[in-house]
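# Summary of structural features
Listed below are the residues making up each chain.
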Amino acid sequence: MIDSKKIIIALDYNNSQEVSKLINNIDPNLCRLKIGKELFTKYGPKTILELHDKGFEVFLDLKFHDIPTTVYKACISAFSLNVWMLNIHLSGGYDMAIAAMNAKKDCQSNSKLIGVTALTSLTDDDCIRIYGCNRSDQLKRLKDIGLDANIDGFVCSPYDIDTLKADNKIFVTPGIRTNNNTNDHHKVIAPQEALKLGSNYLVIGRSITESSNPNKEIEKIVNSL
Ligand code: C5P
């Protein structure tokens, strides 16, 4: 899968002025944008439309997880907004993943539907408590659900790609840093290293959004890849 636009900027803001300030100063030819629960819950679909108007493609990161019918309907709403990428929790099960895929088909959407396996915040102990198996086994179980439902790929830590690797699947990876600041991640990795491990798209938040010149930072990363 060759796509030279590998950077997805996480718009982790709670106010639209900061979003406008950022998007007026960055180039949609160099990156895509990710809208998560915080921004979407506050401002709703109009944010997506505004970003589209500025020429940006959008990853709607709402990590749907519910009964299949509800996820089907939520995905119909999301695909109807022409998002470039959407995600679900694979721990919602095979029927739920198929419901999301059916929504994509019924919308005749070219969006990418990707699955969350074990959240990167979960340790082995957490997985044993929640799922009754260690993290690596849980990743493998959820990978199988994703492959059986034929979703487009996975969102995961770059360090999980080895376990999840499969033909023709895309890997979207957060936890990317251009500095040594881990913030709330257990482990971080440089953009080039994440690509070497098999990442196709790099979700980058604070390394770009907190920099004094975000567009320059994006250009620097793009040139380093
Ligand atoms: O680069 P930074 O740490 O600021 O990026 C944080 C972003 O990565 C947040 O939007 C968060 O939701 C996202 N993330 C994710 N999946 C994870 C961990 C973080 O999408 N497993």
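In case you missed it, the structure is sitting above this.
We now turn to the structure provided with this report. Since we're looking at a predicted model, the values are computed, not measured. Think of each chain on its own: its residues are numbered from 1, step by step along the sequence as written. Totals for whole chains, interfaces and linings use all residues, but because this is a predicted model, local features are given only for residues with pLDDT of at least 70 and pairs of side-chain atoms are given and counted only at 80 or more. To get the side-chain values, all heavy atoms of the structure are used, and hydrogens and water are removed first.

Moving on, we come to the packing of aromatic side chains. Here a Phe, Tyr or Trp ring, Trp counted by its six-membered ring, pairs with any other such ring whose centre lies within 6.5 Å, and the pair is stacked when the planes are under 30 degrees apart, edge-to-face when over 60, and tilted otherwise. For the coordinates displayed, the defined rule picks out two aromatic pairs. Seen in terms of ring centroids, Trp84 and Tyr201 are 5.1 Å apart; in terms of plane orientation they differ by 85°. Their pairing is edge-to-face. With Trp84 in the loop between helix H4 (68–80) and strand E4 (85–89) and Tyr201 in strand E8 (residues 201–204), the pair connects residues that are 117 residues apart, well separated along the chain. Both residues of the pair, Trp84 and Tyr201, belong to the buried class. A helix here means a DSSP run of H or I that spans at least four residues, while a strand means a run of E at least two residues long, and both kinds are numbered starting from the N terminus. Residue burial is assigned from relative accessible area. The probe radius is 1.4 Å, only protein chains are included, and a residue is buried under 20% of its type maximum, exposed over 50%, and partly exposed in between.

Salt bridges are identified by distance alone: a Lys or Arg side-chain nitrogen within 4 Å of an Asp or Glu carboxyl oxygen. A complete count under the given rule lists nine salt bridges for this structure. Arg32 is paired through a salt bridge with Glu57; the nearest N and O atoms lie 2.8 Å apart. Here Arg32, found in strand E2 (residues 31–35), pairs with Glu57, found in the loop between helix H3 (46–53) and strand E3 (58–64); they are 25 residues apart in sequence, far enough to count as distant. Look at Glu57 and you get partly exposed, because its relative accessible area is 28%. Glu193 serves as the salt-bridge partner of Lys196, at 3.2 Å between the closest nitrogen and oxygen. Separated by three residues within a single helix, Lys196 and Glu193 lie in helix H9 (residues 191–196), roughly one turn from each other. Given a relative accessible area of 37%, Glu193 falls into the partly exposed group. Here the salt bridges share partners, and the residues they tie into one network are Asp3, Lys5, Arg32 and Glu57.

Glancing now at the site of the ligand. Taken together, the neighbourhood of the ligand is formed by 13 residues, with Asp12, Lys34, Thr120, His185 and Arg206 sitting nearest. Polar contacts here mean pairs of N or O atoms no more than 3.5 Å apart (in protein, one a potential hydrogen donor and the other a potential acceptor; neighbouring residues in sequence count only if both atoms are side-chain atoms). Between the ligand and Asp12 there is a distance of 2.8 Å, counted from an oxygen atom to a side-chain nitrogen or oxygen. Between the ligand and the protein, one listed contact pairs a nitrogen atom with a side-chain N or O atom of Thr120 at 2.7 Å. With respect to the detected pockets, the ligand is housed in the largest pocket. Here a residue counts as near a molecule or strand whenever at least one of its heavy atoms sits within 4 Å of it. Within this scheme a cavity is a closed region of a 1 Å grid, computed over the protein atoms alone, that accommodates a 1.4 Å probe without allowing it to escape, whereas a pocket is open but has protein on both sides within 12 Å along at least five of seven lines; lining residues each have an atom within 4 Å of a point. A molecule is said to be in a cavity or pocket once over half of its atoms fall within 2 Å of that pocket's grid points.

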